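Report on the structure
What follows is the residue order along each chain.
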Amino acid sequence: MGGELALHRVADKRSTPMLRSEAELASVAFAIAGPVASLTRTEDALLGPMPAPRNLEAFRRAIRDGEDPLGTSLCRLRSAVARRASGAVYTPKPMVEAMLGWAVSQGTPARVVDPGAGSGRFLLAAGRAFPKAELVAVEPDPLAALLLRANAVTLGLAGRLRVILTDYRSIELAPMDGPTLFLGNPPYVRHHGIGKEWKDWLAAESASLGHRASRLAGLHVHFYLKTLLLSRPGDWGAFVTSAEWLDVNYGAVMRMLLLPKLGLNSLHILAPSAMPFGEAATTAAIACFVAGSEAPGVRLRAVRQLKQLEPLEGGRSVPWQELNVARRWSSLLAPAAPRPAGSVELGELCRVHRGQVTGCNDVWIAGPRTPPLPASVLFPAVTRARELFSAAPELADVLSLRCVIDLPYDLDGLAEEDPRIARFVAWAEACGASKPYIARHRRAWWAVGLRGPAPILATYMARRPPTFVLNPCGARHLNIAHGIYPRQPLSNETLAALAAWLRATACTSAGRTYAGGLTKFEPKELERLPIPPLDELNDRAKTLDADGA
C-alpha cells in the first residue's frame, strides 16, 4: 500500500457489499485471485482465519468497471493513523491517468515497476496500456499484495505480474531487453518513522554519488535514490510525492539526484488548496524523469485543480543551472515580485531564531502536576501561537502566560541550596523527560536552554500571514514562535515601527504553503522579508511617537 494516496472513487455501495473486517476482505481477495495467490506461512499468520467469501461477482464487476473496491475496502477498514505509519493512502484516478498518459507519450517499456504498488492502481493501469510489458509490483504489506493479485486476475494481467513482497530499497532488477518504466507513488513516511539502518543506507549511497543526504529526509527521498540506482539510460518514470522537498533543506539531496543524474524532465505542482489526496492533508508534486537525458532545462508547472492536471505538459522552462543554485524550487514557478526600491532584507537588521524545543512539554511547562519550584527557574513564555495573535500589537504583560522550567546545566550547588530542585529532577526523570531525542542531545537533559527575550516575537505557521508582536514584558518563547533579535541596539520606537511595517506588509506568498493553505515561515524566510532601511525606520518611529504624543 505504500505508494498510494487519497481515495479516487468509492465503489457503489448498492452493488458492492461492505466488508466488516480485514479477514473478510482477505477471503474475498483470495477467492478472486485463485491459485496465483498461495500464501506463505508469514502471510497466512498475518491474515489469520478467513470467513467464507460472499458476493464475489459484485467485486469482479466493479474491478472490470475500473473501480478498486478491494483497495477502497482496505482504506475503510484501516484507520488513517494506522495507514500513516507506512505511508499508505490512495491515489486519485485523475492523477493515475495523467501520469500514465505522460509515460505512454515517452514510448513502450519492456517492464513497469511500481515501488509501492498497494492494490495496484498504477501498475494495472500500465498493464492495460502496455500489453506486452512485464509488471513488477513491490509491496511489503501482504494483504495489499493479495488485493493486487486479485485485481490482476480479474483484469487478465496475472500472467505478466510479479509481486515482490519486500521493501523497495532491498530489491535488485535483472537486466531487460528494453527500457523500464518506474511509475507510482513512493510512500510518505517522515524521518521519525525510518530506522537508523536505512538512514545509514541513505547517507552511504548518497555519498557514493557525491552528495550529502540529511537524516531528516523522508522515505520518498530514499525511494528516488533507489530508483536512480536501479535505472539505466533510456529508462523513464513519473512519481508523485508530497511537495515539501522542493523547499526544505533535507530535500536538497533529492533535488540534486533529480537533475542530471535521474534526468528530471518536468515537475507539476498542485496548489495546496486543491487538497488532491482528500483525507491526507499533504501537497503533491509529480516529477517526470528520463534517465540519461540531457535537456537544457526543466519545465515547472503550477496546477490549481486536480481536473486540470492532464496532460502533463506546458509550464515554465527553467535552466538546470538556475535550479542548481536555487534555495527553493517552488519560488521558480513564477518570477518573484521585485523587491521594493530602496528596501533591505530583515536579516540585514535582525537575526531570527526559532523558539526552543522542550522535548516534553507536559514536564517542562509548569502545570497543576508540577512539584513546587523556586521562582528563579520559572520563566513566563509564549507557548501557543494564539497568545501572540490575541496580544498584537504588543505583549504588555505575562499574566496570561504559562511558565517554562529552565534549570541550569550545573545543578550541584542549586540542588544543595534548595531541595525542591532535586525533587523536581527526580519527578521529571520518572515522567520520562530524559528519554526524548531532544533531551538526550542537550548538554544536560534537564536544561531546556531558553533563549533570552526577543524584542519582537512572530508567529510562523498558520492559515494567515504571520503576526509580529512587541515584547516589552520580556517573555521567552518556545518553538511555536520565532524571536526577532536586532543586530544593533534599536530604540523602542524603532522596534515599534519595524513591527508595524512587518504586520502591514508580510504575506503568505513569502513562506511555504502546505495542504489546506497552512503557511510556514522558516527563520531564513522571515529574514528575507523586505523592510525599509534603518534611517527610514527611524523616521517612521518619530512619526509614530509624534502621533502617540
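So, here's what we can say about the structure. Note that this is a predicted model, so its numbers are computed, not measured.

Right, let's talk about the overall build of the protein for a bit. Check the secondary structure of the protein and you find 21 helices and 21 strands. Here the protein holds 549 residues, and 51% of them are scored as buried. In the protein, the share of contacts with a sequence separation of at least 24, taken over all contacts with a separation of at least 6, comes to 76%. Just so you have it, the protein exposes about 24,300 Å², and 53% of that area is on carbon and sulfur atoms.

Running from amino to carboxyl end, helix 1 (residues 22-33) crosses helix 4 (residues 69-77) at an angle of 170°, the nearest separation of the two axes being 10 Å. Judged by the angle between their axes, helix 1 and helix 4 are roughly antiparallel. The segment helix 1 lies against helix 4, with Glu22, Leu25, Val28 and Ala29 engaging Leu70, Ser73, Leu74 and Leu77. Here the residues of the contact of helix 1 with helix 4 are counted per class, giving six nonpolar, one polar and one charged.

Turning to the sheet that holds strand 7 (residues 284-290), a few remarks are in order. The nine strands lie next to each other as 3-2-1-4-5-7-6-8-9, forming an open sheet whose pairing is mixed. Single-partner strands in this sheet number two, and they are strand 3 (161-164) and strand 9 (316-319). The average undirected angle you get between the axes of adjacent strands in this sheet is 20°. Bridging between strand 8 (residues 297-303) and strand 9 involves four bridges; their strand directions are antiparallel. Note on strand 9: the bridge partner recorded for Leu300 is Arg316. Packing against the sheet, helix 10 (residues 219-230) makes contact with strand 4 (180-184), strand 5 (236-241) and strand 7, and its axis sits at approximately 175° to strand 5.

Our next topic: helix 11 (residues 252-261). Regarding helix 11, the residues found buried are Val253, Met254, Arg255, Leu257, Leu258 and Leu259. Check the buried side of helix 11 and you find it contacts helix 9 (196-208), helix 10, strand 5, strand 6 (264-270), strand 8 and helix 12 (320-325). Two residues or fewer past helix 11, Gly263 is found with a positive phi of approximately 75°.

This next bit is on the packing of aromatic side chains. In total, this model carries 10 aromatic pairs according to the counting rule given. An angle of 40° between the planes, with centres 5.0 Å apart, marks the rings of Tyr168 and Phe223 as tilted. A residue pair is termed long-range when its members are at least 10 positions apart, and Tyr168 in the loop between strand 3 and strand 4 and Phe223 in helix 10 qualify at 55 residues. Residue Tyr168 shares its accessibility class with Phe223, and that shared class is buried. Measuring from centroid to centroid gives 5.9 Å for Trp245 and Trp329, while their planes differ by 70°, and the two rings are edge-to-face. Residue Trp245 is found in the loop between strand 5 and helix 11, and its partner Trp329 is found in the loop between helix 12 and strand 10 (344-345); the two are separated by 84 residues along the sequence. No difference in accessibility class separates Trp245 from Trp329, as the two residues are buried. Here the aromatic cluster, defined as three or more aromatic residues joined through ring pairs, consists of Trp364, Phe424, Trp427, Trp445 and Trp446.

Before going further, it helps to spend a moment on the environment of Leu414. Mapped onto the elements, Leu414 comes out in helix 16 (residues 412-417). Among all residues touching Leu414, those that are not within four sequence positions of it are Val377, Pro408 and Ile421.

Membership of the largest hydrophobic core comes to 45 residues, with the highest contact counts inside it found for Tyr168, Phe182, Tyr224, Trp245, Leu267, Leu323 and Trp329. Among the secondary structure elements, those contributing two or more residues to this core are strand 2 (134-138), helix 9, helix 10, helix 11, strand 6, strand 7, strand 8 and helix 12. Those residues in contact with Tyr224, other than ones at most four positions away along the chain, are Phe239, Thr241, Met254, Leu258, Leu262, Ala287 and Phe289. Met95, Leu123, Phe130 and Ala152 belong to the second-largest nonpolar core, a separate cluster that totals 36 residues.

A word on the pattern of salt bridges. In total, this model carries 19 salt bridges according to the counting rule given. The closest approach of N and O atoms between Arg78 and Asp141, which form a salt bridge, is 2.5 Å. In this pair, Arg78 is assigned in the loop between helix 4 and helix 5 (80-84) and Asp141 in the loop between strand 2 and helix 8 (142-154), connecting sequence segments 63 residues apart. Across the salt bridge formed by Asp200 and Lys196, the nearest N and O atoms sit 2.8 Å from each other. Taken together, the residues span about one helical turn, with Asp200 and Lys196 both in helix 9 at a distance of four residues. You can call Asp200 partly exposed: its relative accessible area is 27%. We classify Lys196 as exposed; its relative accessible area is 61%. Beyond isolated ion pairs, a larger network of salt bridges with shared partners links Glu22, Arg78 and Asp141.

So, on to the sheet that holds strand 11 (residues 350-354). Ordered in space as 11-18-14-16, the four strands form an open sheet in which the pairing is antiparallel. In this open sheet, the two edge strands, each paired with only one partner strand, are strand 11 and strand 16 (468-470). Neighbouring strand axes in the sheet, compared pairwise and without regard to direction, differ in orientation by 30° on average. Sheet analysis places strand 14 (residues 456-459) next to strand 18 (residues 481-486), joined by four bridges and oriented antiparallel. Looking at strand 18, one finds that Ala458 is bridged to His482. Running over the sheet, helix 19 (residues 492-505) touches strand 11, strand 14, strand 16 and strand 18 and is turned about 160° from strand 16.

Definitions and cut-offs
Residues numbered from 1 in each chain as written. Predicted model: local features only at pLDDT ≥ 70, side-chain atom pairs only at ≥ 80, totals over all residues. Heavy atoms only, no water. Helix = DSSP H or I, 4+ residues; strand = E, 2+ residues; numbered from the N terminus. Buried < 20%, exposed > 50% of the residue type's maximum accessible area, 1.4 Å probe, protein only. Contact = heavy atoms within 4.5 Å. Areas by Shrake-Rupley, 256 points an atom, 1.4 Å probe, with all protein chains shown as cover. Axes fitted to C-alpha atoms, helices over the stretch in contact; angles between N-to-C directions. Parallel < 35°, antiparallel > 145°, perpendicular 65-115°, else oblique. Nonpolar A, V, L, I, M, F, W, Y, C, P; charged D, E, K, R; others polar. Pairing = 2+ DSSP bridges. Phe/Tyr/Trp six-rings, centres within 6.5 Å; stacked < 30°, edge-to-face > 60°. Core = buried A, V, L, I, M, F, W, Y, C linked by side-chain atoms within 4.5 Å. Salt bridge = Lys/Arg side-chain N within 4 Å of Asp/Glu carboxyl O.

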